[in-house]
Amino acid sequence: MQGSKSLMRLGVSALPLVLICMAASPAVAEENTQARAGASEKSSDSARGKAAIVLEDIVVTARRRAESLQTVPLSVTAISAETLVAEGVKNIIDLQFHTPELTVVGGGGNRNQVTYAMRGQTQAYGGALPGVASYFADMPIINQASPPFLDLQNVQVLKGPQGTLFGRNTTGGAVLFAPQRPTSELDGYLMLKAGNYNLRHAEGAVNIPIVPDVLAVRFAGQRIKRDGYTLNLTTGKHRDNVNSYAYRGSVLFTPSGGFSDYLVVDGSGADDSGGTFMMNAVRPNSIVALVYPDIVQYVQTQNARGPRIIESDVTTSNRQHQLIVVNTATYEFTPNFSIKDIFGYQRFSQKLVTDQDGSPFNILWFPLQVHTKLITNEIQALGTALDGKLNIIAGFYYEKSSPSGSNSSQARVFGGPFPSSASRHETSKAIYGQATYDLGDLLSGLKLTAGGRYTWDYRQYADLLAGTPPLTARFTAPTYNFSLDYRINPNLFVYAATRRGYKSGGFNPTSPVPELAKFQPEYITDYEVGVKADWRIADVAGRTNLTLYTGNYTDVQKSQTVSVNGELVGATLNAAKGTVRGVDFETTVNPTTWLNLSAFYSYTDAFYKKFPSSEGNAVDSEFSNTPKTKIGLTGEIKVPLSDEDSAVSFRASYYHQSHQYLWDLNFNNPESRAPGYDLVNLRAEWSRIGGKPLSLALFGSNILNAKYVQQGNPLATVLGFNSVAYGDPRMYGAELRFEF
């Protein structure tokens, strides 16, 4: 903790120096706020005959309108479509290797389901909702689901509470997936990829302008198959395979008169073996050791084999499908006022069989099925007033979640059946507004933003097997956002912000006593300061963004095992109070036109001030899914081959993550500690071969074949064992891409 205080003092003391140095630097470029990512700024050196240094000016929608990343008063990491391809980001889990603060862990032994964590905010086991929400085309995504990495415009990671404009359950942040929209150009691409473990990946998209500047459509599709890399000695078959598909169709209709309509239909699915847990620890005097005396020796044998060979008594499987439909209609009454309606529909279904203990012993496994649908509608009013000095957004949000089929599980614990079947119905309503006022009359470049939201949540849980009356609860909460930002010059931006976040409460349906049947919401109030600068030192151009933050976290929802009338019961309780603070740093440096260097660093100091539990004082527990340190380094060399834009590029990236715990109560559960790890990825590409729109690339991920834990079942204090699932081994292959 002392080290983190020193780091914070260092960051605060260095901030004025950074501001002075950056303010003194010549402008790299004039601001360019084009409405599509990937637009660039060119150095004034080009006018003097020197090669232009290009800085990517990514446009983000972190405040529900298009703005330059460098003028948004909050910490945002935006990854463009080109970077996603170059870095080999193929799924949600890969996203964390290129984003400071963001941690992604798998869920339930299924790599297609994930839990996000940022700034100490995550999802507790049990009935708690997530602390980081994800969105596709401005629609929130069902917890169990995740969008395919297909034909994306960019991915934006918003850090810290986003409760004003994005609503509940964003106490840690939000992850926005923006698909490519139809354009007025006839173009597209086709990509084929092959690699080890018999990887076969085909993907493509086509954009068709049916009526120029009025009606355009875009279609995209993806098919991926890959063999598994984990051998189950019991069956002789491999797990951790990939067998997925995705498709998308979108329509953009822009007739005259200020009206536009954007419709996107996105479908995806998988039919694979599911993920793999491996039992890696057991307590000698625990329940499992008493029932199965040979299990201690088995774990020693298993650890000696390593994570790619296991013995499991369960044939696991995963079959899932999701459909997302989003329609955004906008009417511009005047250049200063418009109305937008965002309607969303999502349906998710899954049948999963998972072995939670990952051993040949009949301890804990279950088949389950999930069928859920979500309907949302949001109406926004956007406008400017007072000669453009006042910028306003206000809206109403409605959400309804309900079953679309059976939601049940047939858990097996030591061979005994524990069936469950439940029905969940939830609604959420909110009104919100946010205004930004230009204080240029007082100080040129100074702006003040204030926003607020009020949310009404209703949750219902019915146990269909017990036949008891359903549990119901209502939760309400205000959230807010205040920020002051100052644009010192076109290339230097500083801000300070404070925000209030709220995560809804829920139920403990297995509780035998009424007082534990429901848990309350949790809240966080944070304070953030940051600087965003484009700079030049001699002929070297760069961009540096630095953020410092601290947050007070109250009524924290944590999973615990409590004793009720002599019976152990798992429950989520509002048991904790804590502080989360840290540093977020990102920089890009272009020493020449052929060399690009980038780096990120984040340090998260999260600690509890209060955490009582039935197992003792848990105040010394570390926040789960929260590594203290994340470091990323990337270098790319691009060598031109001709005047026809043909080039050869070499790209290397390095990622480091310190240890994390996979269980909330870890002060007495050292088995839940996942060690830190390092990853190295490489890519070599020959673009525009012979001046044609054809590219060939060789790629490799996890080149050093690091063995790192991706998720776990840290049940040592409950059943006496711990099991973990490991990340992907070394992957390599070739990629052919044709654009037209």
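1. Observations concerning the pairing of strand E44 (residues 709-715)
Working note: regular strand, side chains alternate between the two faces of the sheet.
Link 1 in the chain: Along E44, seven of the seven residues are buried, which leaves the element largely enclosed by surrounding structure.
Link 2 in the chain: Pairing geometry for E44 and strand E45 (residues 721-726), over six bridges, is antiparallel. Paired with Val 709 across the strands is Tyr 726, a residue of E45.
Link 3 in the chain: Here E44 hands over to E45 after five residues, with Gly 720 in that stretch at a positive phi of 100 degrees.

2. Remarks on the packing of aromatic side chains
Link 1 in the chain: Using the criterion set out here, one finds 20 aromatic pairs in the structure.
Link 2 in the chain: On the numbers, 5.0 Å between centres and 45 degrees between planes, the contact of Tyr 292 with Phe 361 is tilted. One end of the pair, Tyr 292, is in the loop between helix H4 (287-291) and helix H5 (295-305); the other, Phe 361, is in the loop between strand E22 (337-355) and strand E23 (364-385), and 69 residues separate them in sequence.
Link 3 in the chain: Assessed through its relative accessible area of 15%, Phe 361 is described here as buried.
Link 4 in the chain: Summarising the aromatic geometry, the rings of Tyr 298 and Phe 361 are spaced 5.6 Å apart at their centres and angled 80 degrees between planes, so their arrangement reads as edge-to-face. Residue Tyr 298 is found in helix H5, and its partner Phe 361 is found in the loop between E22 and E23; the two are separated by 63 residues along the sequence.
Link 5 in the chain: Overall, the relative accessible area of 8% leaves Tyr 298 in the buried class.

3. Details of H5
Link 1 in the chain: Among the residues of H5, Ile 295, Tyr 298, Val 299 and Gln 302 are the ones counted as buried. All buried residues of H5 project into a common sector of 100 degrees when viewed along the axis, lining one side.
Link 2 in the chain: Buried residues along H5 sit in contact with strand E19 (278-282), H4 and strand E20 (309-310).
Link 3 in the chain: Gly 306 occupies a position one or two residues after H5 and carries a positive phi of about 95 degrees.

4. Some remarks on the pattern of salt bridges
Link 1 in the chain: The final tally for this structure, using the stated rule, is 31 salt bridges.
Link 2 in the chain: The closest approach of N and O atoms between Asp 151 and Arg 218, which form a salt bridge, is 2.7 Å. Linking Asp 151 in the loop between strand E9 (139-140) and strand E10 (152-159) with Arg 218 in strand E14 (residues 215-226), this pair joins segments that are 67 residues apart in sequence. Arg 218 shares its class with Asp 151; the two are buried.
Link 3 in the chain: Ionic pairing is found between Asp 441 and Lys 389, a salt bridge with its closest N-O pair at 2.6 Å.

5. Some words on the sheet that holds strand E16 (residues 237-239)
Link 1 in the chain: Overall, mixed pairing links the three strands, which are arranged E16-E15-E20 in an open sheet. In the strand order of this sheet, the two ends are held by E16 and E20, each with one partner.

6. So, the sheet that holds E44
Link 1 in the chain: Taken together, three strands build an open sheet; the order of strands is E19-E45-E44 and the sheet is antiparallel. Every interior strand has two partners, whereas the edge strands, E19 and E44, have only one. With strand direction ignored, the average angle separating the axes of adjacent strands in the sheet is 25 degrees.

7. Some details on the confidence of the model for the chain
Link 1 in the chain: Here the chain shows a mean pLDDT of 89. Residues at 70 or above account for 91%.
Link 2 in the chain: Under a pLDDT of 50 for its full length, residues 1-50 has, in the predicted model, 92 contacts with residues more than four places off or in other chains.

8. As for a nonpolar patch on the surface
Link 1 in the chain: Together, Leu 190, Leu 192, Trp 594, Ile 637, Val 639, Leu 641, Phe 650, Trp 686, Leu 696, Leu 736, Phe 738 and Phe 740 make up an exposed nonpolar region whose accessible area comes to about 1,100 Å².
Link 2 in the chain: Listed by contribution, the elements that provide at least two residues to the nonpolar patch are strand E12 (187-195), strand E38 (629-640) and strand E46 (731-739).
Link 3 in the chain: Relative to the elements of secondary structure, Leu 696 occurs in strand E43 (residues 694-701).
Link 4 in the chain: A relative accessible area of 38% places Leu 696 in the partly exposed class.

9. Details of the nonpolar core
Link 1 in the chain: Within the largest apolar cluster, 37 residues are counted, with the highest numbers of intra-cluster contacts made by Tyr 116, Phe 149, Val 155, Val 175 and Phe 177.
Link 2 in the chain: The leading source of residues in this core is E23, at four residues.
Link 3 in the chain: Each residue touching Phe 177, except ones within four places of it in the same chain, is listed here: Ile 92, Tyr 116, Ser 134, Tyr 135, Phe 136, Ala 137, Pro 147, Phe 149, Leu 152, Asn 154 and Val 155.
Link 4 in the chain: Counting residues in hydrophobic clusters, the runner-up holds 21 residues, among them Val 513, Val 556, Leu 573 and Ala 618.

10. Observations concerning the pairing of strand E25 (residues 408-413)
Link 1 in the chain: In terms of strand pairing, E23 meets E25 through four bridges, oriented antiparallel. Counted as the bridge partner of Trp 365 is Arg 412 from E25.
Link 2 in the chain: Bridging between E25 and strand E26 (residues 416-438) involves six bridges; their strand directions are antiparallel. The residue bridging Ser 409 from the neighbouring strand is Ser 420, located in E26.
Link 3 in the chain: The hairpin formed by E25 and E26 contains two residues between the paired strands, and Phe 414 there has a positive phi angle of roughly 55 degrees.

11. A closer look at the side chain of Asn 243
Link 1 in the chain: Assignment of secondary structure puts Asn 243 in strand E17 (residues 242-253).
Link 2 in the chain: Residue contacts for Asn 243: discarding those within four places in its chain leaves Arg 223, Ile 224, Lys 225, Gly 269, Ala 270, Asp 271 and Asp 272.

12. A closer look at the environment of Asn 722
Link 1 in the chain: Within the fold, Asn 722 resides in strand E45.
Link 2 in the chain: For Asn 722, a relative accessible area of 2% corresponds to the buried category.
Link 3 in the chain: With 53 residues separating them in the primary sequence, Asn 722 and Asn 669 have C-alpha atoms 9.6 Å apart.
Link 4 in the chain: If near-sequence neighbours (up to four positions away) are discounted, Asn 722 is found in contact with Met 278, Met 279, Asn 280, Ala 281, Glu 671, Ser 672, Asn 713, Pro 714 and Leu 715.
Link 5 in the chain: There is a polar contact of 3.0 Å between the side chain of Asn 722 and the backbone oxygen of Glu 671.

Parameters and conventions
- Residues numbered from 1 in each chain as written.
- Predicted model: local features only at pLDDT ≥ 70, side-chain atom pairs only at ≥ 80, totals over all residues.
- Heavy atoms only, no water.
- Buried < 20%, exposed > 50% of the residue type's maximum accessible area, 1.4 Å probe, protein only.
- Helix = DSSP H or I, 4+ residues; strand = E, 2+ residues; numbered from the N terminus.
- Pairing = 2+ DSSP bridges.
- Phe/Tyr/Trp six-rings, centres within 6.5 Å; stacked < 30°, edge-to-face > 60°.
- Arc of directions from axis to C-beta.
- Contact = heavy atoms within 4.5 Å.
- Salt bridge = Lys/Arg side-chain N within 4 Å of Asp/Glu carboxyl O.
- Axes fitted to C-alpha atoms, helices over the stretch in contact; angles between N-to-C directions.
- pLDDT = per-residue confidence, 0-100.
- Patch = residues over 30% accessible without salt bridge, like charges linked within 9 Å, V, L, I, M, F, W, Y side chains within 5 Å.
- Areas by Shrake-Rupley, 256 points an atom, 1.4 Å probe, with all protein chains shown as cover.
- Core = buried A, V, L, I, M, F, W, Y, C linked by side-chain atoms within 4.5 Å.
- Polar contact = N/O pair within 3.5 Å; in protein donor to acceptor, adjacent residues only side chain to side chain.

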